[in-house]
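Here are the chains, one letter per residue:
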Amino acid sequence: MANKESFFQRLFGSLIGGKDADAAKKKKLKSIAKELSKTRFKFYKTGSDQALPLLGKFFYELYKALSNCQTLFNSQQNPAYYKNVVIANGLSENQKKLVETLSEEAIKEMAKSGDFAQVKEKVKADIAAFSAEFDQAKIQMIDGLYQKLLLFKSFCTFDFYFILKKFDSTLRENDFSKSPKFNPIDASYIAEDLKDFLAVLYALPLGEDFTDLLQLMKTMRGGNEPVKSGQWAKIANRLMQIKTSRVFEMIIQLTTKDPLYEVSVEQKFEQIVEDYIEKTKTEAQTTLNKLENALKNSKTDTLLNQIFG
């Protein structure tokens, strides 16, 4: 009898606990809806759980402003390209000249016209001079710019068009000749898209100066600015407002009925300078080794020819 009473007590307790948890959840969601209504961004209608046309307009403005950046990034998929362009941007004029003298062609050319021992010493000295200019400040600057470039690339190549098609099915990709007509849609239809957007937005270092990155982008595009600095400043300011107001998090919490949702961001920091220095050294040394072996073989052939004819 005691066991039966204990079982029913536990069952009754779990039911009460479940009701309490459900009530607490509803209360929390109601509080979130109230907080969302006080923000300046009218992207969502609580009663009908709809994403409003203003949200479509927000994404369209980003899509249009960053279209040149998106095209630039999509046209170049090789990760090595971005490493090389960032490193080249950080080299001094002297380092650029030294890189040329350390190339396989340059070393071979030197070997033709001089004593090989002198060539080895020259290459050794050039490697030391090249490496010495990479102080800690320069290494941090180059690695930092590369990290910023990758995060900016992830943001610019976000699939804005995929979201926008849900607001206006007639929208054509990369066609900005006419203004789209956005309709209210069920917010749950874009909840996962908003999560993906927040992941790339929150990873973006909006508080940092983007002058160096925008200048690099201009170089990558042959002297043409894919996005002007003033235009990006306005975009960054608006994105910061979105981030600090937590408007998208609240929309996701309400439409998924998950008041505990938080943005998840994974960041990887890749250091590219040390690998580049080591690669430059290794390639120069490999060229010297090949030439030295060829020289030894040539002397052996000459000696054998003298002895045996």
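Before going into details, it helps to say that this report is about the structure given with it. (Residues numbered from 1 in each chain as written. Predicted model: local features only at pLDDT ≥ 70, side-chain atom pairs only at ≥ 80, totals over all residues. Heavy atoms only, no water.)

Attention now goes to helix α13 (residues 247-256). For α13, the buried fraction is high: nine of the 10 residues fall into the buried class. Within α13, the full set of buried residues consists of V247, F248, E249, M250, I251, I252, Q253, L254 and T255. In the segment just after α13, K257 is the residue with positive phi, at about 60 degrees. (Buried < 20%, exposed > 50% of the residue type's maximum accessible area, 1.4 Å probe, protein only. Helix = DSSP H or I, 4+ residues; strand = E, 2+ residues; numbered from the N terminus.)

Moving on to the packing of aromatic side chains. What the rule picks out here adds up to 28 aromatic pairs. Considering the side-chain rings of F73 and Y82, the 6.1 Å spacing of their centres and the 50 degrees angle between planes classify their relative orientation as tilted. With a relative accessible area of 1%, F73 lands in the buried category. Y82 sits in the buried class, given a relative accessible area of 2%. Members of the aromatic cluster, joined through ring pairs, are F41, F43, F58, F59, F155, F158, F160, F197 and F248. Between K138 and the ring centre of F134, over which it is positioned, the NZ or CZ distance is 5.9 Å. Over the face of the ring belonging to Y189 we find K166, whose NZ or CZ atom lies 4.7 Å from the ring centre. (Phe/Tyr/Trp six-rings, centres within 6.5 Å; stacked < 30°, edge-to-face > 60°. Lys NZ or Arg CZ within 6 Å of the ring centre and 35° of its normal.)

A separate point is the side chain of T287. Of note, T287 is situated in helix α14 (residues 273-308). In terms of polar contacts, T287 uses its side chain to reach the backbone carbonyl oxygen of E283, at 3.0 Å. Filtering out sequence-adjacent residues up to four positions away, T287 remains in contact with E104, I107 and K108. (Polar contact = N/O pair within 3.5 Å; in protein donor to acceptor, adjacent residues only side chain to side chain. Contact = heavy atoms within 4.5 Å.)

A few words on the environment of K64. Within the fold, K64 resides in helix α2 (residues 53-65). Judged by relative accessible area, which is 43%, K64 ranks as partly exposed.

This part covers unusual backbone geometry. In this model, D49 sits at a positive phi of 55 degrees, which is unusual for a non-glycine residue. Of note, the phi angle at K257 is positive, near 60 degrees, even though the residue is not glycine. Tracing the sequence through the fold places K257 in the loop between α13 and α14.

Moving on to the sheet that holds strand β3 (residues 185-186). With antiparallel pairing, three strands are arranged side by side in an open sheet as β1-β2-β3. Whereas interior strands pair on both sides, the edge strands pair on one side only; in this sheet they are β1 (44-45) and β3. Judged from the two bridges that link them, strand β2 (residues 50-51) and β3 form a sheet pairing that is antiparallel. Looking at the pairing, A51 lines up with I185 of β3. (Pairing = 2+ DSSP bridges.)

Turning our eyes to something else, we now look at the pattern of salt bridges. Scanning all chains against the criterion turns up 13 salt bridges. Between K122 and D126 there is a salt bridge; the shortest N-O distance is 2.7 Å. Pair noted here: K122 and D126 are both in helix α7 (residues 116-132), with a separation of four residues, about one helical turn. K122 gets classed as partly exposed once you look at its relative accessible area, which sits at 37%. With a shortest N-O distance of 3.1 Å, K148 and D212 are connected by a salt bridge. Of this pair, K148 sits in helix α8 (residues 136-156) while D212 sits in helix α11 (residues 211-220), placing them 64 residues apart in sequence. Given the relative accessible area of 6%, K148 is considered buried. Salt bridges sharing common partners tie together K148, E208 and D212. (Salt bridge = Lys/Arg side-chain N within 4 Å of Asp/Glu carboxyl O.)

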